[in-house]
Structures are given as C-alpha cells and as structure tokens.
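# Structure at a glance
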Amino acid sequence: MTEPLIELPPRRRYAEDAAVVLAGMGLPPAYGKLLGWLLVCDPPWQTSAQLSTGLGLSKGSVSTGMRMLESSGLARRVPVPGHRGHAYEIQPDAIIRIVAEPTKFRAFRELMERGLDLVGDPDAPGAERLRVMRDFYAFIERELPALVTRFQAERLRKGEADG
C-alpha cells in the first residue's frame, strides 16, 4: 500500500512543483523551490528565515540558493522597513531577461560551428546534426530580440487597455 501524499498548502505545493519542473531543466531542486516560492509568496519579499520556514529548507540551502538566484539576475536583495537585514524578491522581468540573453544562443551557435570545423567534411557522420543545431541557434539568436520586443509592446498595449 502506498503512503498518501503529504497535503501541502497551495503556495508550498506550487514551489514543490516548480522545483520538479526546473529540475528537469537542470536546476537543483532547492533553487527551483526558492524560485517557485518567490513567484507566489505574500508578501512578495521574503527573509532567509521566511524562506527556510516556508519551504522546509536549511539556512545553508537558502543562502546558497539565493546567492545563485541573485548572481543569475533572477532575484535581488531588498531592504525591509522595520526589519534588520534584507529580504529577497524575484525580479519581475527576470525570466524574460535571462531567456532573451543573446550570448547564450551565440555561444551554442559558435560551439556548433566549431564542431562543423572539427568534422571538416560536410558529408561526415554528425555534420547534419551539427548544421541543424547551428541553424536553430542562429535562428533563435536572430529572432528572439524581436519576439521580446513584440511581447513587451503587447504587454504595454494590454496595460493601457486595462488601466
């Protein structure tokens, strides 16, 4: 007989689900929990103690995870009025800025180009998959800035319509 799943509060469940999704993308589970929690927590800023208690993570995991999220530009430290120290909050456009960073796609495209140079013969085994990947990353590198601009313009239009 299987044990029933532990019933978690909805925000905690969301953070746990975010950890699973982001672990599938290579992010350590604790970082995914922190990111998920910061997306839905109330108040929108959280101290290390609040993060530790809310997610059942050690203070060390919170500290390490928040350093990584800060250095990647996903989260930032913020002062909290009436509270010693600082808290953390997610950057509202963090995911967009990180996904839209063109150097990542350029690096992959350049890596594929190096692979093609290494293979040498365009008919050699592996050349086709290198070409497809190079062309894909070149496409993303070329098209993503326009896509982000369109997204931002659409948000602005919706905001004006909603306001």
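Here the structure is a predicted model, which is why all the values come from computation and not from measurement. (Residues numbered from 1 in each chain as written. Predicted model: local features only at pLDDT ≥ 70, side-chain atom pairs only at ≥ 80, totals over all residues. Heavy atoms only, no water.)

### A word on the overall build of the protein chain
In terms of regular secondary structure, the protein chain is built from 7 helices and 2 strands. In sequence order, the secondary structure elements of the protein chain are arranged as α-α-α-α-β-β-α-α-α. For the protein chain, whose C-alpha radius of gyration is 21 Å, the value lies well above the compact-globule estimate of 15 Å for 163 residues. C-alpha atoms of the protein chain, sized along the principal axes, occupy 65 × 55 × 35 Å. Looking at the protein chain, you have 22 positive and 21 negative side-chain charges, and the mean spots of the two groups are 6 Å apart. (Helix = DSSP H or I, 4+ residues; strand = E, 2+ residues; numbered from the N terminus. Rg over C-alpha atoms; globule rule 2.2 N^0.38 Å. Lys, Arg positive; Asp, Glu negative; His and termini not counted. Charge placed at Lys NZ, Arg CZ, Asp CG, Glu CD.)

### What about the packing of helix H2 (residues 29-40) against helix H3 (residues 48-55)?
Where H2 contacts H3, the two axes come as close as 11 Å, and the packing angle between them is 105 degrees. Comparing their axes, H3 and H2 come out roughly perpendicular. Contacts between H2 and H3 involve Lys33, Leu34, Trp37 and Leu38 on the former and, on the latter, Leu51, Gly54 and Leu55. For the contact of H2 with H3, the per-class residue count stands at 5 nonpolar, 1 polar and 1 charged. (Axes fitted to C-alpha atoms, helices over the stretch in contact; angles between N-to-C directions. Parallel < 35°, antiparallel > 145°, perpendicular 65-115°, else oblique. Contact = heavy atoms within 4.5 Å. Nonpolar A, V, L, I, M, F, W, Y, C, P; charged D, E, K, R; others polar.)

### So, the environment of Leu116
Locating Leu116 in the fold gives a position in helix H6 (residues 102-119). Between the alpha carbons of Leu116 and Ile95 there is a distance of 31 Å; along the sequence they are 21 residues apart. Aside from chain neighbours lying at most four places away, what touches Leu116 is Ala127, Leu130, Arg131 and Arg134.

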